[in-house]
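Breakdown of the fold
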Amino acid sequence: MESKIFKLIIIVFLISPLSNSFSAGGVNKSISRDTAKVFIISPIDNAVVENPITVIFGVSDMQISPAGMKKAYSGHHHLLIDVINLPDLMKPIPSDENHIHFGNGQTRTEINLDKGRHTLQLLLGDHLHVPHIKPVISKKISIIVK
């Protein structure tokens, strides 16, 4: 009987918000708040912009912390540029020209894009660049670079 109770306590601890992580497929994933949101403050959807483009990131009900710093209900921004399909949400977010990491906890950037229509979207990653159990993803916006 004591063994069953001990196992139950361990299971509750592993999925408890106090632990801020959950093992899924061998990857410890951090937990986000149910009310957490990320959003692009600027530019606004369908804005016509010129290079360099200042992109300002917003977040609510989560804290921004640098990559490598494990902290409850926190993460750092990843800017997805012209990404049609989200990356695998069970793995670390890729790092390439379409998936820009802001692992120092930055909340804004300047980018240069080719002329034409582009999409921008934010995805919060935890200390290991892995999206949270409930992924925190912004609405995708479009911009036109002239």
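1. With respect to the overall build of the chain
Of regular secondary structure, the chain possesses one helix and 11 strands. Across the chain, helices and strands are ordered from the amino to the carboxyl terminus as α-β-β-β-β-β-β-β-β-β-β-β. Relative to its full complement of 146 residues, the chain shows a buried share of 40%. When the accessible surface of the chain is totalled, it reaches about 8,400 Å², and 59% of it is carbon and sulfur.

2. Here we look at unusual backbone geometry
For the bond running from Ser-42 to Pro-43, omega is 5°, close enough to zero to count as cis. Residue Pro-52 is bonded to the preceding Asn-51 through a cis peptide linkage, with omega at -10°. Mapped onto the secondary structure, Pro-52 falls in the loop between strand E4 (47-49) and strand E5 (53-60). The phi torsion at Tyr-73 lies on the positive side, around 50°, for a residue other than glycine. Looking at the secondary structure, you find Tyr-73 in the loop between strand E6 (63-64) and strand E7 (74-81). The class for Tyr-73 is buried, based on a relative accessible area of 16%. If you check the backbone angles, Asp-82 has positive phi at about 55° while not being a glycine.

3. Points about the sheet that holds strand E9 (residues 108-111)
Strand order across the open sheet formed by three strands is E3-E5-E9, with antiparallel pairing between neighbours. Two strands lie at the open edges of the sheet, namely strand E3 (37-42) and E9, each paired on one side alone. Strand-to-strand twist of the sheet, defined as the mean angle between neighbouring strand axes without regard to direction, takes the value 30°.

4. Topic: the pattern of salt bridges
The full count for this structure, using the stated rule, is three salt bridges. Salt-bridge contacts for Lys-139 lead to Asp-45; the nearest nitrogen and oxygen are separated by 3.5 Å. Pair noted here: Lys-139 is in the loop between strand E10 (116-125) and strand E11 (141-145) and Asp-45 is in the loop between E3 and E4, with a separation of 94 residues, a long-range link. The exposure class assigned to Asp-45 is partly exposed, which follows from its relative accessible area of 33%. As a salt-bridge pair, Asp-88 and Lys-91 come within 4.0 Å of each other at their nearest N and O atoms.

5. Describing the confidence of the model for the chain
Per-residue confidence for the chain gives a mean pLDDT of 87, with 82% of residues at or over 70. Confidence drops under pLDDT 50 across residues 5-26; counting only partners more than four residues distant or on other chains, this segment forms 26 contacts.

6. Things to note about the environment of Gln-63
Structurally, the position occupied by Gln-63 is in strand E6. It is 6.5 Å that separates the C-alpha atoms of Gln-63 and Gly-75, two residues lying 12 residues apart in sequence. The residues touching Gln-63, leaving out its near neighbours within four places in the chain, are Lys-71, Tyr-73, Ser-74 and Gly-75. Within the local environment of Gln-63, its side chain forms a polar contact with the side chain of Lys-71, the two groups lying 2.9 Å apart.

Procedures and definitions
- Residues numbered from 1 in each chain as written.
- Predicted model: local features only at pLDDT ≥ 70, side-chain atom pairs only at ≥ 80, totals over all residues.
- Heavy atoms only, no water.
- Helix = DSSP H or I, 4+ residues; strand = E, 2+ residues; numbered from the N terminus.
- Buried < 20%, exposed > 50% of the residue type's maximum accessible area, 1.4 Å probe, protein only.
- Areas by Shrake-Rupley, 256 points an atom, 1.4 Å probe, with all protein chains shown as cover.
- Pairing = 2+ DSSP bridges.
- Axes fitted to C-alpha atoms, helices over the stretch in contact; angles between N-to-C directions.
- Salt bridge = Lys/Arg side-chain N within 4 Å of Asp/Glu carboxyl O.
- pLDDT = per-residue confidence, 0-100.
- Contact = heavy atoms within 4.5 Å.
- Polar contact = N/O pair within 3.5 Å; in protein donor to acceptor, adjacent residues only side chain to side chain.

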